[in-house]
Amino acid sequence: MMKRRPEPELMDSEAQTLAYAEADFDEANSLFVDNFRHRFNKLPGNGRMADLGCGPGDIAIRMATLYPGWNISGLDAGENMLKRANESLANSAVASRVDFRLAYLPDPSLPAGAWHAVISNSLLHHLPDPQVLWDSVAHLGTAGAAVQVMDLMRPESESEAQQLIDLYAADAPDILREDFYNSLLAAYTTVEVSDQLMKAGLDRLKIETVSDRHWLVSGRLAN
Ligand SMILES: C[S@@+](CC[C@H](N)C(=O)[O-])C[C@H]1O[C@@H](n2cnc3c(N)ncnc32)[C@H](O)[C@@H]1O
């Protein structure tokens, strides 16, 4: 198995955030939202959801649209990313229920046990210490909170990573192809994530492979 090659934690240059915000992540973001909808089909009508490392905010806005009684907090450490997120929000019909805020995790000043659902897509592979995400999930969720985390899965080799780039990002701008490649090499494997969950006392959450390049963790925090 290829060794993990970390990438910079924050992706917040103007060029990177613009390319990322304008990229078409419909397939991955739909995979995320559809899985959440099917897995948590008995959510109450009202609640608070936190999206950790929300980036340009597409998933948070989709969640607010899908759950009209819910308020969504998008948390991210990148100021430029949040600028993009707020631009998209201003053009949406859910602006009053979505709040994008600057937060660098771990952030002990965030209220403990305040969110009934905690979600995160593609944050984990940016973190030098992966426990930061799992500890934040445990800290921020209410008892019994719905949790869903998805990320890329590290391929066996660099050539396998390159094949995925050629398959899924053939026509993407160079900056995005490079970002995708680096992200695949920085991603954690399902075995590594299972160990992280165990270490965080979150082994009641289950991990599954949901595409040729994504794993997904879901379940509920203890009551
Ligand atoms: C690959 S982007 C994913 C964005 C979004 N969740 C999506 O699915 O498109 C990763 C995001 O995590 C943010 N990030 C990285 N480290 C962070 C930390 N310690 N605390 C909060 N956000 C962080 C970055 O600023 C970036 O916006």
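Look up a bit, the structure's there.
Keep in mind that this is a model prediction, so the values were computed, not measured.

Undergrad: Can you walk me through the packing of helix α2 (residues 26–39) against helix α3 (residues 58–66) in this structure?
TA: Helix packing for two helices is described by the angle between their axes and how far apart those axes are. The N-to-C vectors of α2 and α3 enclose an angle of 40°; their axes lie 10 Å apart at closest approach. The angle between α2 and α3 places the two elements in the oblique class. Relative to α3, the crossing made by α2 is right-handed. In contact with D26, N29, S30, F32, V33, F36 and R37 of α2, α3 contributes D58, I59, R62, M63 and L66. In terms of residue class, the contact of α2 with α3 is made up of 6 nonpolar, 2 polar and 4 charged.

Undergrad: How should I be thinking about the pattern of salt bridges in this particular structure?
TA: Opposite charge on two side chains allows them to pair when their charged atoms are near. Throughout the structure, instances matching the rule amount to 12 salt bridges. Among the ionic pairs, D58 bridges to R62, the shortest N-O distance being 2.8 Å. Placement of the pair is D58 and R62 together in helix α3, with a separation of 4 residues, close to one helical turn. A relative accessible area of 33% places D58 in the partly exposed class. For R62, a relative accessible area of 24% corresponds to the partly exposed category.

Undergrad: Even after reading the chapter, I still don't get the site of the ligand, so can you show me in this structure?
TA: Surrounding the ligand, one finds 20 residues, the nearest of these being E9, G53, D76, L105 and N121. L105 is positioned such that a nitrogen or oxygen atom in its backbone is 2.9 Å from a nitrogen atom of the ligand. At a separation of 2.7 Å, a nitrogen atom of the ligand approaches a polar backbone atom of N121. Protein burial of the ligand: of its 600 Å² of free accessible surface, 97% is covered by the chains. Split by residue class, the shell around the ligand holds 12 nonpolar, 6 polar and 2 charged.

Undergrad: In this structure, what is going on with the pairing of strand β4 (residues 115–121)? I would like to understand it.
TA: Successive residues of a regular strand alternate their side chains across the two faces of the sheet. For β4, the buried fraction is high: 6 of the 7 residues fall into the buried class. Of the pairings in the sheet, the one linking β4 to strand β5 (residues 141–152) comprises 6 bridges and is parallel in character. Its bridge partner lying in β5, V118 is registered against V147.

Undergrad: How should I be thinking about the packing of aromatic side chains in this particular structure?
TA: Between two aromatic rings, the relevant description is the distance of the centres plus the angle of the planes. Scanning the entire structure with this criterion turns up 4 aromatic pairs. Centre to centre, the rings of F36 and Y67 are 6.0 Å apart; their planes meet at 80°, and the pair counts as edge-to-face. Note that F36 is positioned in helix α2 and Y67 in the loop between α3 and β2 (70–76), a separation of 31 residues in sequence. For the pair F36 and Y67, a shared accessibility class is recorded, and that class is buried. The lysine or arginine in question, R213, covers the ring of Y168, its NZ or CZ lying 3.5 Å from the ring centre.

Conventions adopted
Residues numbered from 1 in each chain as written. Predicted model: local features only at pLDDT ≥ 70, side-chain atom pairs only at ≥ 80, totals over all residues. Heavy atoms only, no water. Axes fitted to C-alpha atoms, helices over the stretch in contact; angles between N-to-C directions. Helix = DSSP H or I, 4+ residues; strand = E, 2+ residues; numbered from the N terminus. Parallel < 35°, antiparallel > 145°, perpendicular 65-115°, else oblique. Left-handed = near helix turned anticlockwise from the far one by under 90°. Contact = heavy atoms within 4.5 Å. Nonpolar A, V, L, I, M, F, W, Y, C, P; charged D, E, K, R; others polar. Salt bridge = Lys/Arg side-chain N within 4 Å of Asp/Glu carboxyl O. Buried < 20%, exposed > 50% of the residue type's maximum accessible area, 1.4 Å probe, protein only. Near = heavy atom within 4 Å. Polar contact = N/O pair within 3.5 Å; in protein donor to acceptor, adjacent residues only side chain to side chain. Areas by Shrake-Rupley, 256 points an atom, 1.4 Å probe, with all protein chains shown as cover. Pairing = 2+ DSSP bridges. Phe/Tyr/Trp six-rings, centres within 6.5 Å; stacked < 30°, edge-to-face > 60°. Lys NZ or Arg CZ within 6 Å of the ring centre and 35° of its normal.

Just geometry here; none of it tells us what the structure is for.
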